[in-house]
Structure formats: structure tokens, C-alpha cells
Amino acid sequence: MEKVWLEAQGNIEKVLTPQTFNTWIRPIRFGSATSSSLILEVPNKFIKEWVTEKYLAMIQEAVSALAETPCQIEFRLEEKTGDGKAVDLAQPGEKSGSPTGREKTRPGDPTSNLNPKYTFETFVCGSSNQFAHAASQAVANKPASNYNPLFIYGGVGLGKTHLLCAIGNQIHAKNGKARVCYYTSEKFMNEMINCIRYKKMDEFRNKFRKMDVLLIDDIQFMAGKEATQEEFFHTFNSLYESHKQIVVTSDKFPKDIPQLEERLRSRFEWGLIADIQPPDIETKVAILKKKAELNAITLPDDVAMFLGSSSTSNVRELEGMLIRLGAFASLTGNEVTLTMAREVLKDIIVDKSRDVTVEMIQKYVADHFRIKLAEMKSDKRLKTLVVPRQIAIYLCRELTKASYPEIGEKFGGKDHSTIIYSMKKMERQLTQDLELKTTIENLRRGLLS
Ligand SMILES: Nc1ncnc2c1ncn2[C@@H]1O[C@H](COP(=O)(O)OP(=O)(O)OP(=O)(O)O)[C@@H](O)[C@H]1O
């Protein structure tokens, strides 16, 4: 039967393009046979899946014709000649590959594309990204082991590149000799085009295929670029078969990337797919605080909250606002305050407070303290009424554009000097009373949500 298979392969070669034949059919080897079935060996599960889907009928026909009897075809994964285990990049001794495998990374190596600031230490983990964070850490601790490929997807500016680089940086920190390559898919494509132009494709292929870890950012840019996908597909297979780690990021789930070849899509789905969701307010605030610390910007809690409550989930945009505030503060020699933040960012932050009215605040605060609206507006001096009233006045000033006289008018016709006095008192108390501060923050958050 082995002869039958070799002959069948020859016949199939005549009807397929050389590229297709070499990719899918040539690697298939004779395994064993019975009178009515043929077991063929394929080098990996990707080829097995693809060939079963696309070429099984053709192979069956070719073999049955030569054997002169209907023949069942079964594919089996080839036994690896090596140990078949994942390479632990933390153990330099286990590495195989090209003679340059033990060399230190040199300037100009693709590793130098990694942003050194994007590490796990600088990444804030919250409920929105904890799965992707954990998966990335697992991959960084044990590359090419459990999650290969790792596919990270999520919206714009949610930290995909950060995690991708963190994986690369950690692997590299553990083992300086690991060949870690970070590329955006766009750069991969541009470099490939140049190499085709200058007839350097062998160099291009060798460069990627000798990597221990390949990190490709924004894979969705490969959509519709057939030649790039084809090249990446071969790079992928070559690395995967050599037990090298592949991590890709995308703004979409594999099946939602338009014009992505099925064979690539299925490969991405073989491994682990981890998503990053938009951060909640708490995570946004925690990220802002971390970024402020890293950039030596003093960021008061109320300002962090103000930025965190803005409608954007894009962390890059939040970071931009923070840097702007920091720059403004340092240029004017002032501290970052809420008033300053509101002024400096008035064109950027879609200020939800614009929708908040004095009446809404009065009702919300009155409900919170379980007092009547009429009591809120009255002149009664009971402490149980004075505190909510002063808090409401403070929030009116903070969240609405109403002037002191307008606020006074809506609080039972009080004079504007009473409102100013109330504001000043509240500002003073806020510097000493943490409980009051928390109450106001919660009320503010409730009003803006
Ligand atoms: N959880 C986080 N902790 C700390 N920084 C974060 C976090 N998420 C995002 N960032 C920061 O936000 C910025 C944008 O992140 P990044 O570039 O990784 O986003 P992305 O998802 O790759 O965006 P794009 O879709 O545009 O490629 C970076 O400066 C990154 O450090």
C-alpha cells in the first residue's frame, strides 16, 4: 500500500498548484494499511484538520482508483522523533536551533522593538483584564507549554500591546538569550514586501523561523492581505512545529476578522483566546494612579475619579489626559486640582455633569439622607438637615454650571453669600473628614452614572 500512496500523491500533484501540494500533501507519509483502509501520518494537527476538510475526498478517490477497491483513509499524527516537549525558555540549556541560538540579543534584533515600559509590574489587573493578564503571565512563565498560540483580543487602547510586550520582556528578563520577536502585523507586511523586492525572502523567512517567541500585534491588519497571510501561515507552522511560542493580538475575535483565511483563523482558535474588556471606573482610577506614580504626577483622588468617570474606556486617552494635566501643572507651577482638571480638559472630557441639574442633586441627596426636599431647601438649622444641604450645595457647584445666586435661589431663596459660606465650610471639612469625603465621592459617582 505504501507504493499506492506514493503513486496517489504523484497523481494529486498533477492537479494541485505546487504551493498547495507542497504545503498540504507532500508532508503526508504512509503509516500502515489493511485491505480496505489506509492510515496516513501527518506532521501536526493543523495539517490534519485542513487536509481532512479540504482534500480527504480527493485523496480517497486517488487511492481507491489505484487500489481498485474503495479505501477508507484515516489520518494520524506523526510520532515526533525528538522529545516533543515544549522548550522551557527559562532554561537556556534546553534550547535548540541555529548556531546563533546562544548569542545574546544584539541591538537591531527584533527584541529591541519591545517597549521596556510595558511590563507586568506596570500593568494594573482588574476584573476586565484579569483573564488575559493571567494567560499572559502563564505564557511568560512557561512559553510554548499550555497556551499556544495565545490570542489576545479587545478594543482600542485596552492594553493588548502592553500585555504582549510584558510577555516578551519577562521571557527576556528570565533568559537574555531567548530570541523574542515583537512585530506589528503591518511591519511584518512592509518588511516582507521589501524583502520580495530585494530578493531577500530567504533572509526574511530565516529571521522569523528561528525565533523562540513570536509576538505579533494587531493581526487584524493582515485581513485581505493574502500574500502576507500566506507567509505568516508558514512562519506560524514552522514555529509551532518546533514548539515555539506564538502570541497574537487583535481588536476582534478570530472569526470576526473579515477576510482572514480560514486556515489562519482555525490556527488561532487552536490555542487560548483571551479577551480584554473595557475597564470599570475602579480599574480606570487604579490605572491612572499607577501612571501618575510612574510619571511623578501628584494626582488627587477627586481628580482621578473625575478622569475615571469620563466616558472613555480607552486607557491611552485617559493617559493622555493625565499627561496633559501633569504638563499644565508643571508649566504653571500649580498643583493638579479638580477645578484645573475641569478647565484643562473641558474640550476632551464629555462631561456627564452637564446633564446634572440642581434639582437632580437636591432630590438625590435628599433621598440619600432620607429627608424631605422641602427640608433640604428650608432654613432649619438641625444638623441632620444642615449637612445634607451643604453637601448638595457643594455638589451643585461642582457638577453644574449654576452660579452662587442661582444656587441660592433654588435652595429656598438664600443669599449668594450664604452659598459661598457653605461652600467654604465644606471645602475646609473635606480636608479633615475622610468619611465626608467618601460620602461625597459616592454621591458624585451615583449622580454621574
Ligand atoms: N491595565 C493596564 N494597566 C496599565 N496600563 C494600561 C493598562 N491597560 C492599558 N494601559 C496603557 O494604555 C496604553 C494603551 O495600551 P495598549 O497600547 O497596550 O493598547 P492596545 O489595546 O494595544 O491598543 P490598540 O488597539 O490601539 O493597539 C498604554 O500606555 C498602556 O500602558
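Our subject is the structure listed above.
Structure report, in brief. The shown structure was predicted, so the numbers you read here are calculated from the model rather than taken from an experiment. (Residues numbered from 1 in each chain as written. Predicted model: local features only at pLDDT ≥ 70, side-chain atom pairs only at ≥ 80, totals over all residues. Heavy atoms only, no water.)

Here we come to the nonpolar core. Across soluble globular proteins, you tend to see nonpolar side chains buried next to one another. In terms of nonpolar packing, the biggest core is built from 48 residues, with I25, I59 and F232 touching the most fellow members. Per-element accounting of this core gives the leading share, 5 residues, to helix α9 (residues 226-241). Of all hydrophobic cores here, the second largest spans 27 residues; its members include V365, I391, C396 and L430. (Core = buried A, V, L, I, M, F, W, Y, C linked by side-chain atoms within 4.5 Å. Buried < 20%, exposed > 50% of the residue type's maximum accessible area, 1.4 Å probe, protein only. Helix = DSSP H or I, 4+ residues; strand = E, 2+ residues; numbered from the N terminus.)

Now for the packing of aromatic side chains. Enumeration over the complete set of coordinates arrives at 11 aromatic pairs. When the ring of F232 is compared with that of F236, the centres are 6.2 Å apart and the planes differ by 70°; the resulting orientation is edge-to-face. With a gap of 4 residues between them, F232 and F236 both fall in helix α9, about one helical turn apart. Like F232, the residue F236 is buried in the burial classification. Each ring, one from F236 and one from Y240, has its centre 6.1 Å from the other, and the planes form 10°; the classification is stacked. Taken together, the positions of F236 and Y240, both in helix α9 and 4 residues apart, correspond to about one turn of that helix. Accessibility classification places F236 together with Y240 in one group, the buried group. Of the aromatic side chains, those joined through ring pairs into one cluster are F151, Y183, F188, F204, F208, F232, F236, Y240 and F268. Sitting above the plane of the Y183 ring, K187 keeps its charged end 4.4 Å from the centroid. The ring of F233 is capped by R263, whose NZ or CZ atom sits 4.0 Å from the centre of that ring. (Phe/Tyr/Trp six-rings, centres within 6.5 Å; stacked < 30°, edge-to-face > 60°. Lys NZ or Arg CZ within 6 Å of the ring centre and 35° of its normal.)

This paragraph deals with the site of the ligand. What surrounds the ligand is a group of 19 residues, the closest being V124, T161, H162, K291 and E319. K160 is positioned with one of its side-chain polar atoms (N or O) 2.8 Å from an oxygen atom of the ligand. At 2.6 Å, a side-chain N or O of E319 approaches an oxygen atom of the ligand. Considering the ligand on its own, with 630 Å² of exposed area, one finds that the protein chains cover 93% of that surface. Of all the elements in the fold, those that place two or more residues in the shell around the ligand are α6 (160-174), α11 (281-294) and α13 (315-332). Residues of the shell around the ligand, tallied by class, amount to 7 nonpolar, 7 polar and 5 charged. (Near = heavy atom within 4 Å. Polar contact = N/O pair within 3.5 Å; in protein donor to acceptor, adjacent residues only side chain to side chain. Areas by Shrake-Rupley, 256 points an atom, 1.4 Å probe, with all protein chains shown as cover. Nonpolar A, V, L, I, M, F, W, Y, C, P; charged D, E, K, R; others polar.)

The subject of this paragraph is the pattern of salt bridges. Within the structure shown, the criterion is met by 20 salt bridges. Each member of the salt-bridge network shares a partner with another, and the members are R179, D212 and K244. (Salt bridge = Lys/Arg side-chain N within 4 Å of Asp/Glu carboxyl O.)

Another point: helix α7 (residues 185-197). Helix length check: α7, at 13 residues, gives a terminal C-alpha distance of 18 Å against a target of 18 Å (1.5 Å per residue), a fit within 8%. For α7, the full list of buried residues reads S185, F188, M189, E191, M192 and C195. Summarising the contacts, the buried residues of α7 are in contact with β5 (180-184), α8 (201-209), β6 (213-217) and α9. Immediately downstream of α7, the backbone of K199 shows phi near 55°, a positive value. (Expected span 1.5 Å × (residues − 1). Contact = heavy atoms within 4.5 Å.)

The next thing to look at is the sheet that holds strand β8 (residues 272-276). Taken in spatial order, the 5 strands line up as β5-β6-β7-β4-β8 in an open sheet, and their pairing is parallel. The two strands at the open ends of the sheet, each matched to only one other strand, are β5 and β8. Each adjacent strand pair in this sheet contributes to an overall mean axis angle of 15°, direction not counted. By the bridge criterion, 5 bridges tie strand β4 (residues 150-154) to β8 in an arrangement that is parallel. Looking at the pairing, L150 lines up with L272 of β8. Most of the contacts of α6 go to β6, to which it runs at about 165°, and overall it touches β4, β5, β6, β7 (245-250) and β8. Most of the contacts of α7 go to β5, to which it runs at about 90°, and overall it touches β5 and β6. (Pairing = 2+ DSSP bridges. Axes fitted to C-alpha atoms, helices over the stretch in contact; angles between N-to-C directions.)

These figures capture arrangement, not role.
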